[in-house]
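Residue-level listing of the chains:
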Amino acid sequence: MATYVATTGNDTTGDGTIGNPWRTVGKGIDNLLAVGGFLYLRGGTYAENIINNFPVNGTAWGASTQITVSSYPGETATLKPDATSGGPFGGDDAVIRLDADGSGPILGEKKYIEFVNLVLDGSTTVTAGRSVVQLGHKENGVTVGAHHIRFTGCEAKGSRDG
């Protein structure tokens, strides 16, 4: 099932259809309620980040078994968080952070999620150049977090980690 977000959408009156999209990426992700979910971001710049907020995980690679977040065909969506963006560090967090810290609806690892044709820009976070993508972390000496995450045709820029 495809859902849509646009910079001209509305999180209150929208319903996630192409004709009545949501305004924020977070609202779109919150409504990916089934494996095989596909979220299209219409062209434009979104001043937000994606932090552990997937309500479901994919179960394997394939159109009906993974979660996909993509720019709408022929358009370019940019995720460029600012100082008011979410996450535990506000705008000082990664553009995309997936781990098992339990801050999202799914406790445990994030898996089988594909990001397609997005620009991920960390240059305007509070500490300019914050990590653009963070997958997993070490907890008590054990690495936990995300696996089977794909970035297809994405551009990452403005990372403090180069």
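All figures in this text were calculated on a predicted structure; none of them were measured in a lab.

Chemist: Could you give an account of the sheet that holds strand E14 (residues 155–157), naming the residues involved and the relevant values?
Modeler: Strand order across the open sheet formed by four strands is E3-E6-E9-E14, with parallel pairing between neighbours. Only two strands of the sheet have a single neighbouring strand rather than two, namely strand E3 (44–46) and E14. Each neighbouring strand pair of the sheet contributes to a mean axis angle of 20 degrees, computed without reference to strand direction. Pairing between E3 and strand E6 (residues 77–79): three bridges, direction parallel. The residue of E6 that forms the bridge with Gly44 is Ala77.

Chemist: Describe in detail the pattern of salt bridges, supporting the description with residues and values.
Modeler: One pass over the full model with this rule turns up two salt bridges. Where Glu75 meets Arg42, a salt bridge forms, and the shortest distance between an N and an O atom there is 2.5 Å. One end of the pair, Glu75, is in the loop between strand E5 (67–71) and E6; the other, Arg42, is in the loop between strand E2 (38–41) and E3, with 33 residues separating them in the sequence. For Glu75, a relative accessible area of 25% translates into the label partly exposed. Arg42 gets classed as partly exposed once you look at its relative accessible area, which sits at 22%.

Chemist: Go over the packing of aromatic side chains with me, naming the residues and quoting the values.
Modeler: In the structure shown here, the tally under the stated rule is six aromatic pairs. Relative to Tyr72, the ring of Tyr40 lies with its centre 5.5 Å away and its plane at 75 degrees, an arrangement referred to as edge-to-face. Residue Tyr40 is located in strand E2, and its partner Tyr72 is located in the loop between E5 and E6; the two are separated by 32 residues in the primary sequence. Under the relative-accessibility criterion, Tyr72 is labelled partly exposed at 23%.

Chemist: Which residues make up the sheet that holds strand E10 (residues 133–135), and what values do they have?
Modeler: Spatially, E4-E7-E10 is the arrangement adopted by the three strands of the open sheet, whose pairing is parallel. The open sheet terminates on both sides in strands that have one partner only, identified here as strand E4 (50–51) and E10. As paired strands, E4 and strand E7 (residues 96–98) are joined by two bridges and run parallel to one another. Note that in E7 the partner of Ile50 across the bridge is Ile96.

Chemist: Summarise unusual backbone geometry; cite the residues concerned and give the values.
Modeler: Located in the positive-phi region is Tyr112, a residue other than glycine, with phi close to 55 degrees. Residue placement: Tyr112 occurs in strand E8 (residues 110–116). Unusually for a residue other than glycine, Asn117 sits at a positive phi of about 55 degrees. Mapped onto the secondary structure, Asn117 falls in the loop between E8 and strand E9 (118–121).

Parameters and conventions
- Within each chain, residues carry numbers counting from 1 in the order of the written sequence.
- In keeping with the predicted nature of the model, local features appear solely for residues at pLDDT of at least 70, side-chain atom pairs appear and are counted solely at 80 or more, and the whole-chain, interface and lining totals rest on all residues.
- The basis for the side-chain values is all heavy atoms of the structure; hydrogens and waters are excluded.
- Note on pairing: DSSP must find at least two bridges between two strands before they are called paired.
- Where helices and strands are cited, they refer to DSSP runs of H or I of at least four residues and of E of at least two residues respectively, numbered from the N terminus.
- For every element, the axis is a line fit to its C-alpha atoms; helices are fit only across the contacting stretch, and the angle between N-to-C directions ranges from 0 to 180 degrees.
- What counts as a salt bridge is simple: a side-chain nitrogen of Lys or Arg found within 4 Å of a carboxyl oxygen of Asp or Glu.
- Type-normalised accessible area, obtained with a 1.4 Å probe on protein chains alone, sets the label of each residue: buried when under 20%, exposed when over 50%, and partly exposed for intermediate values.
- When two rings of Phe, Tyr or Trp (its six-membered ring) have centres within 6.5 Å they constitute a pair, described as stacked for plane angles under 30 degrees, edge-to-face for angles over 60, and tilted for the intermediate range.

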